[in-house]
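Chain by chain, the residues run as shown.
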There are 2 protein chains.
Amino acid sequence: MLVEETQAQASSATAQAHALLQDRVVATYLIETAFSLEYAAEVIAGEQSCGTFVAVPGETAALKDRHGARVISIKPLGAVSAPSLEGATAPHSARVASRYERGEVTISFPFHNIGPSIPNLLTTVAGNLYELQQVSGLRLVDLDLPASFAKRYPGPAFGIEGTRRLAGVDGRPLIGTIIKPSIGLMPDEIRPLIRDLACAGLDFAKDDELNGNAPYAPLAERVAVVMDEINRAADKTGKKMMYAFNITGDVDDLRRGHDLVRDAGGTCVMVAINSVGFAGLSYLRQHCELPIHGHRAMYGALARYPMLGIGFTAYQKICRLAGVDHLHVSGLGSKFYQSDEEVSQSILDCLTPLYGDYRVMPAVSSAQWAGSAVDTYARTDTIDLLHLAGGGIIAHPGGIAEGVRSMQQGWEAAMAGIEIGDYAATHSELKAAIEKFVV
Amino acid sequence: MLVEETQAQASSATAQAHALLQDRVVATYLIETAFSLEYAAEVIAGEQSCGTFVAVPGETAALKDRHGARVISIKPLGAVSAPSLEGATAPHSARVASRYERGEVTISFPFHNIGPSIPNLLTTVAGNLYELQQVSGLRLVDLDLPASFAKRYPGPAFGIEGTRRLAGVDGRPLIGTIIKPSIGLMPDEIRPLIRDLACAGLDFAKDDELNGNAPYAPLAERVAVVMDEINRAADKTGKKMMYAFNITGDVDDLRRGHDLVRDAGGTCVMVAINSVGFAGLSYLRQHCELPIHGHRAMYGALARYPMLGIGFTAYQKICRLAGVDHLHVSGLGSKFYQSDEEVSQSILDCLTPLYGDYRVMPAVSSAQWAGSAVDTYARTDTIDLLHLAGGGIIAHPGGIAEGVRSMQQGWEAAMAGIEIGDYAATHSELKAAIEKFVV
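What you see is a predicted model; the values in this text were computed from it and never measured.

The helix and strand inventory of chain A stands at 19 helices and 13 strands. Its C-alpha atoms put chain A at 80 × 45 × 40 Å along the principal axes. Scored against the burial criterion, the 439 residues of chain A give a buried share of 64%. Averaging the coordinates of the 37 positive side-chain charges in chain A and doing the same for the 49 negative ones gives two points 2 Å apart.

Before going further, it helps to examine the domain arrangement of chain A. Residue and element names in this part refer to chain A. By the assigned domains, chain A splits into domain 1 (2–151) and domain 2 (159–437). A separation of 38 Å is found between the C-alpha centroids of domain 1 and domain 2. Residue-level contacts link 21 residues of domain 1 with 19 residues of domain 2. Summed over both sides, the interface of domain 1 with domain 2 buries roughly 1,800 Å², with 66% coming from carbon and sulfur. Among the residues domain 1 hides against domain 2, the three largest losses belong to Ile118, Arg139 and Leu143. Together they make up 32% of the total.

Backbone geometry follows two general trends: most residues other than glycine have a negative phi, and most peptide bonds adopt the trans configuration. Residue and element names in this part refer to chain A. The peptide bond linking Lys180 to Pro181 adopts the cis configuration, its omega dihedral lying at -5°. Within the secondary structure layout, Pro181 lies in the loop between β5 (174–178) and α7 (187–199). Despite not being glycine, Ser330 shows a phi value in the positive range, around 65°. Looking at the secondary structure, you find Ser330 in the loop between β11 (326–328) and α14 (340–351).

It is worth spelling out the packing of aromatic side chains at this point. All names here are of chain A. Evaluation of the coordinates by the stated rule reveals 21 aromatic pairs over all chains. Measuring from centroid to centroid gives 5.7 Å for Phe111 and Phe149, while their planes differ by 80°, and the two rings are edge-to-face. Of the two residues, Phe111 is situated in the loop between β3 (100–110) and α4 (118–125) and Phe149 in helix α5 (residues 148–152); the sequence distance between them amounts to 38 residues. By the ring-pair criterion, three or more aromatic residues cluster together here, those being Phe278, Tyr299, Phe312 and Tyr315.

Before going further, it helps to spend a moment on the environment of Ala224 of chain A. Positionally, Ala224 of chain A belongs in helix α8 (residues 219–237). Residues Ala224 of chain A and Asp381 of chain A, 157 residues apart in the sequence, show an inter-C-alpha distance of 38 Å.

Here we take up the pairing of β3 of chain A. Walk down a regular strand and you will see the side chains alternate between the two sheet faces. All names here are of chain A. Of all eleven residues that make up β3, eight are buried, and the element is covered over most of its length. Bridge analysis of strand β1 (residues 24–33) against β3 gives ten bridges, and the strand direction is antiparallel. When the sheet's bridge partners are listed, Leu30 is paired in β3 with Glu104. Examined bridge by bridge, strand β2 (residues 70–80) and β3 share eight bridges and lie antiparallel to one another. Counted as the bridge partner of Val71 is Ile107 from β3.

All names here are of chain A. Taken together, the five strands give an open sheet; going across it, the order is β2-β3-β1-β4-β10, and neighbouring strands pair in mixed fashion. Every interior strand has two partners, whereas the edge strands, β2 and β10 (308–310), have only one. With strand direction ignored, the average angle separating the axes of adjacent strands in the sheet is 15°. In the packing of helix α13 (residues 312–322) onto the sheet, the strands contacted are β4 (137–144) and β10, and the crossing angle to β4 comes to about 45°.

The rules behind each value
- Residues numbered from 1 in each chain as written.
- Chains lettered and ligands numbered in written order.
- Predicted model: local features only at pLDDT ≥ 70, side-chain atom pairs only at ≥ 80, totals over all residues.
- Heavy atoms only, no water.
- Helix = DSSP H or I, 4+ residues; strand = E, 2+ residues; numbered from the N terminus.
- Buried < 20%, exposed > 50% of the residue type's maximum accessible area, 1.4 Å probe, protein only.
- Lys, Arg positive; Asp, Glu negative; His and termini not counted.
- Charge placed at Lys NZ, Arg CZ, Asp CG, Glu CD.
- Domains from an automatic or database assignment.
- Contact = heavy atoms within 4.5 Å.
- Buried area = accessible area lost by both parts, 1.4 Å probe.
- Phe/Tyr/Trp six-rings, centres within 6.5 Å; stacked < 30°, edge-to-face > 60°.
- Pairing = 2+ DSSP bridges.
- Axes fitted to C-alpha atoms, helices over the stretch in contact; angles between N-to-C directions.

Structure (structure tokens):
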């Protein structure tokens with residue numbers, strides 16, 4: 001039925017294969033299985049390349065050699081007595097087993113199966129894998145992508161350096177806030193708040209992720225009011241606060257929102273990455289003349305169960321490739337589920353080189369206040385971050401200007417290695433913050 | 001600091017609120033918490049509307065009334081002794097509890113917080129909820145959306161009726177296959193396979209989700225070869241097989257891929273919904289002149305753990321709104337993790353009316369063969385589905401034409417209520433399928 005492979009065709013295919021196979025996508029998974037790790041790894045490799053549930057004509061050795069995924073390494077990580085996920089099978093068609101092996105499995109896929117496309121990459125390295133009965137746990141934990149991806153996707157247009165340049169901040173983290181209440185302020189109610197924030201010398205402010213182009217306060221109206229106040233403050237103080245306008249929406253909305261912000265003199269746009277999807281994000285990057293502040297809302301659905309989904313190390317590489325300049329990582333001591341260890345690692349992930357300088361600025365957020373600087377700096381030893389405090393600035397007992405000052409003082413203390421209580425003795429804004437936020 | 005509300009403003013705001021609040025988005029969650037269900041529900045409502053971790057100025061009663069999410073109902077579902085997710089807290093700042101309540105919680109959000117935007121809807125009804133420490137489990141299980149969404153999103157352009165019309169199939173399910181091996185066939189190797197499939201009277205065939213616009217066999221080359229064979233067969237037999245070309249890619253790829261397929265006389269395009277994201281999918285729908293075959297690769301990452309993510313009932317509504325015409329639901333007796341009950345419910349979900357006729361054709365797939373018809377029909381009582389058998393057709397011992405015939409016979413038996421073994425006694429293709437695929 002299929003074209004028969006002649007000797008000549010086969011050897012030409014082999015030569016071609018050698019040329020093509022230099023580039024491979026490497027994916028690392030945490031898996032759990034009632035089978036042997038070796039067997040499960042082969043099932044994963046087969047499912048995401050040439051295989052189906054039964055041998056089919058045309059599945060030749062040459063085809064498998066050219067297009068098959070390959071198991072590179074298997075590292076056993078011990079066993080558990082119950083499956084982490086439902087719907088898993090066990091050897092000999094059993095529904096349960098008494099032992100489920102865990103391991104880290106690394107698999108490579110031919111680049112020429114995929115092409116330089118984030119969507120097709122996702123289908124290959126994640127895709128149907130989560131559905132397999134042969135695993136009772138599967139999480140994509142890391143990715144290593146060939147340079148061909150960097151040719152197609154230019155990555156962050158501004159990154160850390162570009163963001164610092166636009167915000168005019170060196171030698172310390174950018175300090176920022178989120179407009180609160182998250183949603184509900186009318187444009188006229190936002191105006192005095194922005195004025196206070198910008199005049200207080202804040203580096204950065206942003207819309208809440210909930211606040212996109214809502215009918216009660218359309219983006220165009222908010223942009224006009226916010227930029228008017230930011231520009232007025234800049235005229236007075238010489239410092240132009242960076243504001244990340246939430247332009248999350250459909251493809252046309254992204255472009256329209258971006259142009260609106262750019263034309264009003266804005267210096268940042270924000271998108272909820274998972275709400276839009278990677279095709280939308282890449283589209284925005286292609287047309288974008290401003291830093292993209294990447295919010296990871298909904299990432300918890302992909303990540304909170306440790307034996308499922310996509311780990312942050314893999315996730316943030318895709319986000320960086322698609323072109324975000326800032327990426328949310330939660331915060332130490334936050335109101336969210338992540339441990340401080342996980343948040344610290346996420347910060348470091350964002351700062352790990354990828355294709356030269358695809359580094360992005362981690363946006364540290366959620367229940368942050370002046371004192372959060374100490375742990376954050378101690379654990380990560382970096383000042384290349386965007387430290388966002390919503391209530392931690394806006395609800396400071398001395399008002400916004402003192403809230404901003406308290407955040408700066410928190411970082412001064414952290415960077416100088418001075419105990420925060422000691423530093424507060426001579427810095428009243430920090431002292432007031434400690435009294436308010438330490439419960 | 002904020003504009004003071006005068007009496008007059010307050011009463012005007014109230015009048016406005018009444019007008020605006022007619023439309024609300026209603027979301028239903030399965031939750032688990034160490035706190036009371038009532039408290040957890042209020043935390044969810046607060047997090048996704050006006051709240052932050054501390055009270056802030058401007059959070060007035062009028063604002064909360066106008067923009068707050070509201071808990072509509074709470075249905076207790078019993079308790080468990082251990083948390084389903086990590087990172088959950090318990091009352092009085094404890095890290096663990098001895099009892100975690102489960103319940104179904106329904107919450108409504110003002111439409112005017114969101115606007116008619118799928119991305120902003122996702123940020124609101126899912127978004128940061130998965131991150132909350134106050135829950136040890138959270139899954140979005142259903143959504144009820146106001147009509148304003150239907151004004152913005154036209155839904156499936158073809159749906160069940162349009163697909164049947166284009167494929168020329170009435171009175172039974174569409175029978176289809178997936179080109180296997182999933183990846184690796186060169187255009188010249190696909191040619192005879194397509195010829196055999198189209199000449200065998202198959203209704204539908206599709207690319208594997210792994211096979212997009214791969215460098216080894218670019219979409220343009222595959223479209224040319226596949227449509228050439230389909231058109232030749234149609235000239236001979238009068239029946240034009242529908243072929244879903246996988247155009248998954250970035251926004252520009254989607255448009256280019258669609259135009260390529262349309263210009264070659266193709267009748268269907270396919271996208272991996274989660275790889276592209278909803279903004280990309282809606283963009284495609286806006287420009288699309290062909291049915292969109294929606295593959296749900298990666299959905300398992302959002303769904304396999306029962307106390308996390310997004311349930312299919314909610315998920316498929318968003319897919320339908322965004323405009324897919326066909327939607328994958330796995331298959332009964334599949335190689336994937338879903339139970340037969342879950343697959344049956346997914347089929348019925350796709351067929352449940354939404355905004356009049358936003359129904360989509362469920363694509364039943366994964367380890368399907370002729371015999372799968374019996375259970376599928378018995379459990380769902382519908383013929384409005386696309387029954388896909390990859391190996392089940394291509395690996396049929398009598399070849400493709402017999403494989404197709406066996407699938408048709410499976411449905412004839414199922415619809416006539418004849419035991420499949422009895423029907424096979426007089427139908428040799430079905431008999432051969434049973435001998436091959438019943439293990």
